[in-house]
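Observations on the three-dimensional arrangement
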Amino acid sequence: MGLLKLLEQWPVVRQLKEGDALALGPAVQSPRSKALKPRIDEAEHVVQSICPYCAVGCGQLVYVKGGEVTHIEGDPASPISRGRLCPKGQASKSYVQSPLREYKVKYRRPYGTAWEELSLDDAMEMIARRIVDTRADTWEYETSDGAPANRTTAIAHLGGATLDNEENYLIKKLYTALGIVCVENQARI
Ligand code: SF4
């Protein structure tokens, strides 16, 4: 590197040359910090959304490029969260785009030691068959006092925090119709 080039990089020279006498602006930028860009810089549009993880319902801004989510951050316009997201909400981009996301049904048979992949049709058929058989085998028409029951306690459901209100509503409606009374959610345990 020539002497002149070296001199030009000297902060005092840069401050004077770039009119930044107090070194509060471009004179103190390294080549790396000059090249830095906000991660939302190349987004084509932004969509207002709600975090799917829990019942707090924090507001999110979802940045999109080429039909893919590029970044998610808190929405300052949300009266609930006012721009904030907890770590789960901050990480929710990976809910749609993680390379670890599963796209196949996983099944571990009784006493099995490894997961097997099932087609969705096979899994649905297996679940429907087990529900029908379990209801037939364990149906209670009455309680021990003789009051009407019409239920089975041999099937239970445990929901997860990524279920939204609408999904929970449909789940409870389905299970009530099936006579399943043991319905719980991970968020309450
Ligand atoms: S950001 Fe956190 S607190 Fe807010 S809805 Fe999502 S999971 Fe719940």
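In short, a report on the structure. Quantities reported herein were computed from a predicted structural model and do not represent experimental measurements. (Residues numbered from 1 in each chain as written. Predicted model: local features only at pLDDT ≥ 70, side-chain atom pairs only at ≥ 80, totals over all residues. Heavy atoms only, no water.)

As for its position among the elements, T70 is in strand β3 (residues 68–74). Sequence spacing of T70 and L7 is 63 residues, and the spatial spacing of their C-alpha atoms is 41 Å. Sequence-distant contacts of T70, that is, excluding residues within four places in its chain, are made with A43, Y63, V64, K65 and K93. (Helix = DSSP H or I, 4+ residues; strand = E, 2+ residues; numbered from the N terminus. Contact = heavy atoms within 4.5 Å.)

We now examine the site of the ligand. The immediate surroundings of the ligand are formed by C51, Y53, C54, V56, G57, C58, L85, C86, K88 and G89. Here the shell around the ligand is built from residues that sort into seven nonpolar, two polar and one charged. (Near = heavy atom within 4 Å. Nonpolar A, V, L, I, M, F, W, Y, C, P; charged D, E, K, R; others polar.)

Right, let's talk about the sheet that holds strand β7 (residues 148–159) for a bit. What the three strands build is an open sheet, ordered β6-β7-β8; its pairing is mixed. Whereas interior strands pair on both sides, the edge strands pair on one side only; in this sheet they are β6 (140–142) and β8 (180–185). Neighbour-to-neighbour, the strand axes of this sheet turn through a mean angle of 35°, independent of strand direction. Bridge count between β7 and β8: five bridges; the pairing is parallel. Within the sheet, the bridge partner assigned to T152 lies in β8 and is I180. Docked against the sheet, helix α6 (residues 120–138) engages β6 and β7, running at close to 140° with respect to β7. (Pairing = 2+ DSSP bridges. Axes fitted to C-alpha atoms, helices over the stretch in contact; angles between N-to-C directions.)

What follows covers the pattern of salt bridges. Summed over all chains, the structure comprises nine salt bridges. One salt bridge in this structure joins E42 and K37, with 4.0 Å as the shortest N-O distance. On the basis of relative accessibility, which here comes to 56%, the residue K37 falls in the exposed class. Its salt-bridge partner being K65, residue E42 comes within 3.2 Å of it at the nearest N-O pair. Taken together, the positions of E42 in the loop between α3 (31–35) and β1 (45–50) and K65 in strand β2 (residues 59–65) put the pair 23 residues apart, joining distant regions of the chain. (Salt bridge = Lys/Arg side-chain N within 4 Å of Asp/Glu carboxyl O. Buried < 20%, exposed > 50% of the residue type's maximum accessible area, 1.4 Å probe, protein only.)

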